[in-house]
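# Chains, contacts and geometry: an overview
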Amino acid sequence: LFGYLMQLAAVGLILFEIVTIYGVVLPNLDLPVAGKSAVGAVGLFAFGNLLFNYFLTSFKDAGLPPELVSPESVDVEMTSGDEVESLQPSRPPKQCMKCSRLKPPRCHHCSLCGRCVLKMDHHCPWVNNCVGAGNYRYFCLFLLWLFLC
């Protein structure tokens, strides 16, 4: 519930910024109509990108590690007469104690989401999602557009 409230607060702040700039600041600028139109077009482009990247960060999967495969189910392939290629690593893979998934490097279990996330950076309460391999690009672009707006 707290995550959804933070997400609603973030969208409210973004919309408040849009209304303030386009409803109060832009009409009172001492610019010709062409100047106001140019500023408005650039601003709408920036706000569109801001909202687009925000919603992709919020609703795109952060990245899920693969399921743990039992050693008996892994096939051994013959590449040539006496060469055998095994899919088994030299060390046994790590396993998450909470969700029983494979744990590659930089994979962490998020206690708020209740799942493991590949290349987890952090759980962001403003987007109500973990930031990981699947949505890290959109999170960085969201922060860039937020700074530019």
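Check the entry above for the structure.
Note that this is a predicted model, so its numbers are computed, not measured.

### What about the overall build of the protein chain?
A tally of helices and strands in the protein chain yields three helices and six strands. In the protein chain, the order of α-helices and β-strands from amino to carboxyl end is α-α-β-β-β-β-β-β-α. A buried classification covers 28% of the 149 residues belonging to the protein chain. In the protein chain, 55% of the contacts between residues at least 6 apart in sequence involve partners at least 24 apart.

### Structural notes on the packing of aromatic side chains
Enumeration over the complete set of coordinates arrives at five aromatic pairs. Ring centres 5.9 Å apart and planes at 65 degrees place the aromatic pair tyrosine 22 and phenylalanine 47 in the edge-to-face group. With tyrosine 22 in helix α1 (residues 2-28) and phenylalanine 47 in helix α2 (residues 33-59), this pair connects stretches of sequence that are 25 residues apart. Here phenylalanine 47 falls in the buried class, since its relative accessible area comes to 5%. Relative to phenylalanine 142, the ring of tyrosine 54 lies with its centre 5.2 Å away and its plane at 50 degrees, an arrangement referred to as tilted. Note that tyrosine 54 is positioned in helix α2 and phenylalanine 142 in helix α3 (residues 136-148), a separation of 88 residues in sequence. Of the two residues, tyrosine 54 and phenylalanine 142, neither departs from the other in class, the shared state being buried. An aromatic cluster of at least three residues, connected via ring pairs, comprises Tyr54, Phe55, Phe59 and Phe142.

### Digging into the pattern of salt bridges
Inspection of every chain in the model, using the stated rule, returns one salt bridge. The salt bridge involving aspartate 61 is made with arginine 115; its shortest N-O contact spans 2.6 Å. With aspartate 61 in the loop between α2 and β1 (77-78) and arginine 115 in strand β4 (residues 115-117), the pair connects residues that are 54 residues apart, well separated along the chain.

Thresholds applied
- Residues numbered from 1 in each chain as written.
- Predicted model: local features only at pLDDT ≥ 70, side-chain atom pairs only at ≥ 80, totals over all residues.
- Heavy atoms only, no water.
- Helix = DSSP H or I, 4+ residues; strand = E, 2+ residues; numbered from the N terminus.
- Buried < 20%, exposed > 50% of the residue type's maximum accessible area, 1.4 Å probe, protein only.
- Contact = heavy atoms within 4.5 Å.
- Phe/Tyr/Trp six-rings, centres within 6.5 Å; stacked < 30°, edge-to-face > 60°.
- Salt bridge = Lys/Arg side-chain N within 4 Å of Asp/Glu carboxyl O.

So, to be careful, I would describe these as geometric facts and stop short of saying anything about function.
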